[in-house]
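A structural walkthrough
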Amino acid sequence: MAHDAPQATGPGKLVIRNIGLLLSGALEKPILDADTIVAENGRITAIGRLKDVDTDGATTIVDANGTTVAPGLIDSHVHPVAGDWTPRQNQIGWIDSYLHGGVTTMISAGEVHMPGRPRDIVGVKAMAIFAQRAFWTLRPGGVKVHAGAPVIENEMVEDDFKELAAAGVKLLGEVGLGGVKDGPTARKMVGWARKYGIQSTIHTGGPSIPGSGLIDKDVVLEADTDVIGHINGGHTALPDDQIRCICEGCKRGLELVHNGNERSALFTLRTAREMGDLNRVILGTDAPAGSGVQPLGILRMVSMLSSLGDMPAELAFCFATGNTARMRALDCGLIEVGRSADFVIMDKAQHSPGHTLLDSVQLGDLPGIGMTIIDGIVRTQRSRNTPPATRVPEIVGR
Ligand SMILES: [Zn+2]
């Protein structure tokens, strides 16, 4: 069906050469020994040394100039509404601003800020299908927005989930933002969603804005969503003993968000590390929200967790790339042959005391972004939002 067809990526052969550091996005081997990536028609076809790979017939050549290449960042928790506009703080262009923060893929946790959002079941389903279609067709700046995430209501029946899945809906919005706030109902509906291939997440912690409610550890564990949405609260976090209970009581994704409690994010990170479960940690901004939008939110999370959480920066980048891609079955997020050619090219910010990009992030600085690439196509050059990178890549041939 048309809405399942991949978007056209355009023919072409991209070569990125002279890469100083290649981050893979994979926790088990976060740094790759290679200085060149080749991508054809939007997919990675070779990773290696320049002399060993086939660069003939390149239509775009990027000289990375010794900088760092990583998979494009994934924001696991956003609240889009329509196009590149958010009514929450009445801003336009927020998704394009995120691209300048290195985010190439976003996942909706529900289009809950839609003015006049319908709460009746036909309306809930129609809005989800509309959002899925609209963001599949429109990619602001090239950013892949996976949207169409209905928020469950008490009157829903199994057939509703079957119908949503058949229509192309692949996500549930945050459980708890709609009428369903109890564990048993949530568990039943999350199970229906899973049966039809729809992923789920949940609002964890205190109410985010007037009108939303508390979701505690008992509801979270009983609901058994695929992702524990903002386990560090959005903003108000659960007490540490409840966060530990959730970490130990399931094997689901542990999502840390920028618009949450930073101390609780660090507590969750420490707990996951003690458990040997760093593969469960993924990052989001939970924006737009009361705190506005954060174009650099994912980079700020990487830097915060690396510097204050004592986490090697090359591992912290995996939380925003490969971990999320694996958990959410995305074809991006890892530097691997066959994956989507979505990259962010960075260097240490000018005047950071860090000796290298990784060193600067571990010291708490943000990297400077010099280029973003989605589906093998250069989307932005020097970021308008990050501190300026020391060195920037250049397009040297087309
Ligand atoms: Zn939430």
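Relevant structure appears above.
Residues numbered from 1 in each chain as written. Predicted model: local features only at pLDDT ≥ 70, side-chain atom pairs only at ≥ 80, totals over all residues. Heavy atoms only, no water.

Let's talk about empty space enclosed by the protein
Scanning the entire structure with this criterion turns up two cavities of 30 Å³ or more. Computed from the structure, the largest cavity encloses a volume of approximately 90 Å³. Around the largest cavity, the lining residues are Glu111, Val112, Arg117, Pro118, Gly123, Val124, Met127, Ala128, Ala149, Pro150, Val151 and Glu153. For the lining of the largest cavity, the class distribution of residues is eight nonpolar, one polar and three charged. (1 Å grid on protein atoms, 1.4 Å probe; cavity = no way out; pocket = protein on both sides within 12 Å on 5 of 7 lines; lining within 4 Å. Points joined across faces, edges and corners; volume = space filled by probe spheres on them. Nonpolar A, V, L, I, M, F, W, Y, C, P; charged D, E, K, R; others polar.)

Re unusual backbone geometry
For residues that are not glycine, phi is negative in most cases, and the peptide bond is trans in most cases. Geometrically, the link from Gly234 to His235 is a cis peptide bond, its omega value of 0° lying close to zero. As for its position among the elements, His235 is in the loop between strand 15 (227-228) and helix 6 (240-249). Geometrically, the link from Ala287 to Pro288 is a cis peptide bond, its omega value of -10° lying close to zero. Mapped onto the secondary structure, Pro288 falls in the loop between strand 17 (281-284) and helix 8 (297-308). At Asp224, a position not held by glycine, the phi torsion is positive, near 60°. Along the polypeptide, Asp224 turns up in the loop between helix 5 (217-223) and strand 15. Phi at His230 is positive, roughly 25°, even though this residue is not glycine. Positionally, His230 belongs in the loop between strand 15 and helix 6. (Helix = DSSP H or I, 4+ residues; strand = E, 2+ residues; numbered from the N terminus.)

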